[in-house]
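Next come the chains, spelled out residue by residue.
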Amino acid sequence: MASHHHEVVLLDATLSAFSMRARIALAEKGIEYEKKEQDLVNKSPELLQMNPIHKKVPVLVHNGKPVCESLIIVQYIDEVWKDKGNPLLPSDPYTRSQARFWADFADKKVVDVVTKVWTKKGEEFEIAKKDFISTFKQLEEELGDKPYFGGENFGYVDLSLIPFYCWFYAYETVGSFKTEDHCPKFIEWATRCMQRETVAKSLPDPKQVYEFVLIVRKKLGVD
Ligand code: GS8
């Protein structure tokens, strides 16, 4: 396949955890691409054309054709660039099903609890915080004594979850709690992932996330 410079384009948003998944996957495979930061308030014609159903980032545009939904994008990248090494999904069907289960858990459960923990106040916040901690405890249990969710190597589940970590500073600061006091093994895992260059370079500065969180909380009337 001829490799043109603009063969791979990512419609991206720096602070979007979903976009970070796509950035990490591309970094893992060493793919060069053009990153196009999207304004999510005034959406570009390109975003509307490439993701007419959800109108959300990330969108991977490969040879002019869009792939939408972050987990689908990550799986696509893993399949198309198989020859680049660093497999993200396990090859055994059962192990692969379990990796997909936990990535789905990240989307169904983690996204919900992390969103509530920084957008709610009062009693709703207290409930959200409890739910947040019990969710990360469940993840710690699944991790067990392994260095990564996939075992010895960084993989699909790690990649699906680690983007939320750069939001922790904001959650903990606005919520006055420390995840580490409740889930130290999860934080150890996150610290291990952050030592990986592909991850470190794909995640924004937690302070930048925090600034954004403060602005949105003001708009929502939480602060
Ligand atoms: C979620 C993408 C998403 O929510 C995925 O790709 O995994 N299930 C999807 N993207 C947000 C930015 S991150 O919060 C987005 O593009 N929002 C724009 C909007 O909702 O209008």
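Here is what the cut-offs are and how they apply
- Residues numbered from 1 in each chain as written.
- Predicted model: local features only at pLDDT ≥ 70, side-chain atom pairs only at ≥ 80, totals over all residues.
- Heavy atoms only, no water.
- Helix = DSSP H or I, 4+ residues; strand = E, 2+ residues; numbered from the N terminus.
- Buried < 20%, exposed > 50% of the residue type's maximum accessible area, 1.4 Å probe, protein only.
- Contact = heavy atoms within 4.5 Å.
- Domains from an automatic or database assignment.
- Buried area = accessible area lost by both parts, 1.4 Å probe.
- Salt bridge = Lys/Arg side-chain N within 4 Å of Asp/Glu carboxyl O.
- Polar contact = N/O pair within 3.5 Å; in protein donor to acceptor, adjacent residues only side chain to side chain.
- Pairing = 2+ DSSP bridges.
- Axes fitted to C-alpha atoms, helices over the stretch in contact; angles between N-to-C directions.
- Near = heavy atom within 4 Å.
- Areas by Shrake-Rupley, 256 points an atom, 1.4 Å probe, with all protein chains shown as cover.
- Nonpolar A, V, L, I, M, F, W, Y, C, P; charged D, E, K, R; others polar.
- Core = buried A, V, L, I, M, F, W, Y, C linked by side-chain atoms within 4.5 Å.

(A) The environment of A103, seen in detail. If you trace the backbone, A103 turns up in helix α4 (residues 93-119). Judged by its relative accessible area of 1%, A103 is buried. C-alpha separation for the pair A103 and G122, spaced 19 residues apart in sequence, amounts to 30 Å. Setting aside residues up to four positions removed in sequence, A103 forms contacts with L71, Y156, V157 and S160.

(B) Just the domain arrangement of the chain, in detail. You can read the domains of the chain as domain 1 (8-80) and domain 2 (93-220). Measuring from the centre of the C-alpha atoms in domain 1 to the corresponding centre in domain 2 gives 21 Å. Each partner contributes to the interface: domain 1 provides 14 residues, whereas domain 2 provides 24 residues. Taken together, the two surfaces of domain 1 and domain 2 that pack against each other cover about 1600 Å², and 66% of this comes from carbon and sulfur. Looking only at domain 1, the three residues that lose the most surface to domain 2 are L15, R21 and I24, adding up to 36% of its buried area. Between the two partners, domain 1 and domain 2, sit two salt bridges. In this structure, the salt-bridge partner of E28 is R196, at a minimum N-O distance of 2.8 Å. The tally of links between domain 1 and domain 2 comes to eight residue pairs in polar contact (both at pLDDT 80 or more). At the level of elements, α1 (17-29) and α3 (70-80) are the ones that each hand at least two residues to the side of domain 1 that touches domain 2.

(C) Main features of the sheet that holds strand β2 (residues 34-37). What the four strands build is an open sheet, ordered β2-β1-β3-β4; its pairing is mixed. Two strands in the sheet have a free side with no partner beyond their single neighbour: β2 and β4 (65-68). Taking each pair of neighbouring strands and ignoring which way they run, the sheet shows an average axis angle of 20°. Summarising the sheet, strand β3 (residues 59-62) and β4 pair through four bridges and their orientation is antiparallel. Within β4, the residue paired with L60 across the bridge is V67.

(D) Structural context of the site of the ligand. Residues in contact with the ligand, as listed here, are S16, F18, L40, K43, K56, V57, P58, E69 and S70. At 2.7 Å from a nitrogen atom of the ligand is found a side-chain nitrogen or oxygen belonging to E69. Between the ligand and S70, the relevant distance is 2.6 Å, taken from an oxygen atom to a side-chain nitrogen or oxygen of the residue. Protein contact buries 71% of the 530 Å² of open area that the ligand shows by itself. Split by residue class, the shell around the ligand holds four nonpolar, two polar and three charged.

(E) Summary view of the nonpolar core. Formed by 64 residues in total, the largest nonpolar core has its most connected members in F132, F136, L139, W167, Y171 and W189. At 11 residues, α4 tops the list of elements feeding residues into this core. Residues from two domains meet in this core; each of domain 1 (8-80) and domain 2 (93-220) gives at least three. Beyond its immediate chain neighbours, meaning those up to four positions away, F132 contacts V113, V114, V117, F168, Y171, F177 and T179. Core analysis: the next-biggest nonpolar cluster, separate from the first, contains nine residues, V9, L11, L47 and M50 among them.

(F) Quick peek at the pattern of salt bridges. Evaluation of the coordinates by the stated rule reveals 11 salt bridges. Taking the shortest distance from any N to any O, the salt bridge between D104 and K108 comes out at 2.6 Å. One end of the pair, D104, and the other, K108, are both in helix α4, four residues apart, so they sit about a helical turn from each other. On the basis of relative accessible area, D104 is assigned to the partly exposed category, the value being 32%.

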